[in-house]
Amino acid sequence: MTHSRRSFMTMLAFTALARPGLAQDNDFRTTLLDVLSGDPGLFSPALERIRSRGNPDMAAGLIQSMRFTRGSEAQIVVTLEQLTGAKPGDDWFDWMLWQQANPQITPHPSFIEFKRDLMLRIDPNFDDFLKLDALKPEKMRIRLEEITWGGVRKDGIPSLDYPKLIPANDAIYMKGDDLVFGVSINGDTRAYPLRIMGWHEMFNETIGGVPVALAYCTLCGSGILFETKVKGRTKPLVFGSSGFLYRSNKLMFDRATNSLWNQFTGKPVVGPLVNSGITLKQRPVVITNWDGWKARNPDTKILSLETGHRRDYGSGVVYADYFSSDELMFPTLTDQRKHKQKDFVFGIRKFGGAKAWPLRSFRGGRIINDTMLGTNLALIGNEGTRSVRAFERGDIRVSYKKGKLLSEDGREWEMTEDALVSGNERLPRVAGHIAYWFAWDGYLGARSELFEG
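Quick summary incoming for the structure in this document.

Criteria and cut-off values
- Residues numbered from 1 in each chain as written.
- Predicted model: local features only at pLDDT ≥ 70, side-chain atom pairs only at ≥ 80, totals over all residues.
- Heavy atoms only, no water.
- Helix = DSSP H or I, 4+ residues; strand = E, 2+ residues; numbered from the N terminus.
- Rg over C-alpha atoms; globule rule 2.2 N^0.38 Å.
- Buried < 20%, exposed > 50% of the residue type's maximum accessible area, 1.4 Å probe, protein only.
- Contact = heavy atoms within 4.5 Å.
- Areas by Shrake-Rupley, 256 points an atom, 1.4 Å probe, with all protein chains shown as cover.
- Lys, Arg positive; Asp, Glu negative; His and termini not counted.
- Charge placed at Lys NZ, Arg CZ, Asp CG, Glu CD.
- Pairing = 2+ DSSP bridges.

### Looking at the overall build of the protein
What the protein contains, in helices and strands, is 11 helices and 27 strands. Relative to its length of 453 residues, the protein is compact, with a C-alpha radius of gyration of 24 Å against a globular reference of 22 Å. Principal-axis analysis of the C-alpha atoms places the extent of the protein at approximately 80 × 45 × 45 Å. Here the protein, with 453 residues, has 56% of them falling under the buried criterion. Looking at the protein alone, contacts between residues at least 24 apart form 61% of all its contacts between residues at least 6 apart. When the accessible surface of the protein is summed, it comes to about 19300 Å², and 48% of that surface belongs to carbon and sulfur atoms. Seen as two clouds, the 60 positive and the 53 negative side-chain charges of the protein have centres 3 Å apart.

### Remarks on the pairing of strand β6 (residues 202-207)
For β6, a buried count of five out of six residues is recorded, marking the element as mostly surrounded by other parts of the structure. Across two bridges, strand β2 (residues 160-161) lies against β6 in parallel orientation. Bridging across to β6, Asp161 finds its partner in Asn204. Taken together, the six bridges between β6 and strand β7 (residues 210-217) define a ladder with antiparallel strand orientation. Across the sheet, the residue bridging to Thr206 is Pro211, located in β7. Linkage of β6 to β7, two consecutive antiparallel strands, is achieved through a turn of two residues, within which Gly208 is found at a positive phi near 60 degrees.

Put into structure tokens, the structure is as follows:
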């Protein structure tokens, strides 16, 4: 276990639960709670009962227990090794990776109530999401055993709902190289600094008359702008942060139904909306530096520091250690043969598929004329500001010549937040977003093309 992982596990030690006096019977939910208690009079007999069954279906409960016990991990590991025949490592992180790689092992039915009981002891409000009927495997779109607690309670990372905005010239708190999420819809142009959004990870807004939410998963480096007015519902959905993660990606929730949603895919995965067929539509958003955004969009508005919350919104403060590290805070499998897990990519999911471009392909500022599933694209980006904008280019190719954006026929083009424009011709913007490679690979993997240039 690395130092950063040890520190995180130490932080969670306060959640260790005690269950003295539990009856020692054949109820394996109770048996798992006995393991979780750490009480010597309950812990060892409980492990022996689990070992004596010789069935790996108890592995999920033991792995969950390992995270919240202190000083007893080695005995749980021995039991896991005996049940599974595997030896991935000696800590929760390693066994979570093993669990992800072995979906064929179905947890014992008692695991559902055990995990629900444990999570409700952390925060009773988790009951909003963890209804027993909704946790049946056939009703979920993700594995319950891979849902992890992110270290906060429901709304412990508070969303910004219709927050205060100020004119660009009033944002004296901003530094020129501070990164922002830049959004422009129907001429309504706004900037949301990452130094603020890192503390909130979500805003709910109406921009240019369109209800939207920006879901920012700091752990996977992705801020995705979704339309929140969906077919079949009279009011736009309003989202918050549940406190749960799945493969190091936040699970957000909608306040109308308390369904859990995958932030990366924009789809409900647990709860009433699972079978709704809803996939949230993406809108274009760009990460860039404040100086660059303001120069291109002088009439932009920007978030005020008056958010209604007390946080240190200083430059480079939020998640500083995580962003500067090559490690992940939570376990998830990643194919690192081509890219390291925290390399940035720019990804598009459209035209019936998905494709990713490594951010380093835009080093120094580049235009890439590429094709995705038969659609010609022009991608204009800069690795230094983590910026990429994509446009449908039709039959033309564009490039920079003497500081001008030109097509092969000599026409000059202007890049706006909506389109590339030359006279009356417009090449429309395509929605995409930045993400760490581990997140893109973990959710799309072999289903996605990957730019190799």
